[in-house]
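Chains, contacts and geometry: an overview
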Amino acid sequence: MIYRHVFKGLEVRTGDLLATTDGSRFLAGQFWRLVGRLVPGAVDHIVVYVGPGPCCVEAGAKMRVIQFQALDDWDGEAMHGQRGLVDTLYGAAYPLAGQGASPEREQEIRRGVADYCLRQAAARKPYNLDFLDSETEEAFYCSQLAYKAYRPYGI
């Protein structure tokens, strides 16, 4: 099943990515802000929307891949207990936009991406602190999780 949801006015479907920037005033948040400075740009973190409802998957501050229920208004402080970080929704990315896939193929990819991410969360895969090793599937950093989920589909 392909799900749709709206976060702060941004509509996403299963497999789309939510981009965030750290907004934490907690000490742990400062660590993640420092990690985010290693990569240029305003986006510090990527979350994969899987559905249903506000269900998402991320590799992040809990030092493992987790499944969590986001809030429609993306209140980072209110979600801190689930996620271990406080961030602000920056935007969304649509990896399948412009790919020219048939509706059937797009659904297959979206389901495959969600299944892959949910399997990593169920396996409680650890966080990958080696940002130079994007090929491992033993541990994941946030964008690596999305990369590995889409890679079998040539995206």
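For the structure itself, consult the block above.
Notes on the structure in this doc start here. Throughout this document, residue positions are counted from 1 along each chain, in the order its sequence is written. For a predicted model such as this one, the threshold for reporting local features is a pLDDT of at least 70, and the threshold for listing and counting side-chain atom pairs is 80 or more; totals across whole chains, interfaces and linings nevertheless cover every residue. To obtain the side-chain values, all non-hydrogen atoms of the structure were included, while hydrogens and water were left out.

When its secondary structure is counted, the protein shows 4 helices and 7 strands. Comment: elements are numbered from the N terminus, with helices defined as DSSP H or I runs of at least four residues and strands as E runs of at least two. In the protein, the succession of α and β elements from N to C terminus is β-β-β-α-β-β-β-α-β-α-α. The buried label goes to any residue with under 20% of its type's maximum accessible area, the exposed label to any with over 50%, and the partly exposed label to all in between, with areas taken from a 1.4 Å probe on protein chains only. Taken over 155 residues, the protein has a buried fraction of 46%. Residue exposure ignores everything except the shown protein chains as possible cover, and the areas themselves are Shrake-Rupley values with a 1.4 Å probe. Here the protein has roughly 7,800 Å² of accessible surface; of this, 54% comes from carbon and sulfur atoms.

Okay, the environment of Ala 97 next. Examined against the element boundaries, Ala 97 turns out to sit in the loop between β7 (87–93) and α3 (103–122). For Ala 97, a relative accessible area of 55% puts it in the exposed group. C-alpha separation for the pair Ala 97 and Asp 16, spaced 81 residues apart in sequence, amounts to 9.7 Å.

Bringing unusual backbone geometry into the picture now. The omega torsion across Gly 51 and Pro 52 is -5°, close enough to zero to call that bond cis. Tracing the sequence through the fold places Pro 52 in the loop between β4 (45–49) and β5 (55–59). Even without a glycine there, the phi angle at Trp 74 is positive, about 45°. Looking at the element boundaries, Trp 74 is found in the loop between β6 (65–69) and α2 (80–83).

Before going further, it helps to spend a moment on the pattern of salt bridges. The term salt bridge refers to a pairing of a side-chain nitrogen on Lys or Arg with a carboxyl oxygen on Asp or Glu at a separation within 4 Å. Evaluation of the coordinates by the stated rule reveals 10 salt bridges. Ionic pairing is found between Glu 106 and Arg 13, a salt bridge with its closest N-O pair at 3.0 Å. Of this pair, Glu 106 sits in helix α3 while Arg 13 sits in strand β2 (residues 10–13), and the two are 93 residues apart along the sequence. With a closest N to O distance of 3.1 Å, Glu 106 and Arg 110 form a salt bridge.

Further remarks concern a nonpolar patch on the surface. Only residues whose relative accessible area exceeds 30% and that form no salt bridge are eligible for patches; like-charged ones are grouped when within 9 Å, while nonpolar side chains (Val, Leu, Ile, Met, Phe, Trp, Tyr) are grouped when within 5 Å. On the surface, Met 63, Leu 129 and Phe 131 cluster together into a nonpolar patch covering about 260 Å² of accessible area. Here Leu 129 lies in the loop between α3 and α4 (142–150).

Moving on to the packing of aromatic side chains. When the centres of two rings from Phe, Tyr and Trp lie within 6.5 Å, Trp using its six-membered ring, the rings pair. Their planes under 30 degrees apart give stacked, over 60 give edge-to-face, and anything left gives tilted. Within the structure shown, the criterion is met by 6 aromatic pairs. When the centroid spacing of 6.2 Å and the interplanar angle of 75° are considered together, the rings of Phe 68 and Trp 74 count as edge-to-face. The class for Trp 74 is buried, based on a relative accessible area of 3%. Measuring from ring centre to ring centre gives 5.2 Å for Phe 131 and Tyr 141, while their planes differ by 75°; the resulting arrangement is edge-to-face. Linking Phe 131 in the loop between α3 and α4 with Tyr 141 in the loop between α3 and α4, this pair joins segments that are 10 residues apart in sequence. The exposure class assigned to Phe 131 is partly exposed, which follows from its relative accessible area of 31%.

Here the focus is the packing of α3 against α4. Lines fitted to C-alpha atoms define the axes, with helix axes restricted to the stretch in contact, and inter-axis angles between N-to-C directions lie between 0 and 180 degrees. At their nearest, the axes of α3 and α4 sit 9 Å apart, and the two run at 135° to each other. Here α3 is positioned oblique relative to α4, judged by the angle of their axes. Crossing handedness for the pair α3 and α4: right-handed. Of the residues in α4, those in contact with Ile 109, Val 113, Tyr 116, Cys 117 and Gln 120 of α3 are Leu 145, Lys 148, Ala 149 and Tyr 150. Ten residue types, Ala, Val, Leu, Ile, Met, Phe, Trp, Tyr, Cys and Pro, are classed as nonpolar, four, Asp, Glu, Lys and Arg, as charged, and the remainder, Gly among them, as polar. Among the residues making up the contact of α3 with α4, the classes are represented as 7 nonpolar, 1 polar and 1 charged. In what follows, roughly perpendicular refers to angles from 65 to 115 degrees, roughly parallel to angles under 35, roughly antiparallel to angles over 145, and oblique to any angle outside these ranges. Crossings are sorted by hand: turned counterclockwise from the far helix by less than a right angle, the near helix makes the crossing left-handed, and turned clockwise it makes it right-handed. Contacts between residues were defined by any pair of non-hydrogen atoms, one from each residue, lying within 4.5 Å.

Two faces, one strand: in a regular strand the side chains alternate between the faces of the sheet. The pairing criterion for strands is at least two bridges between them, as found by DSSP. Sheet topology places strand β1 (residues 4–7) next to β2; 4 bridges connect them, and they run antiparallel. The residue of β2 that forms the bridge with Arg 4 is Arg 13.

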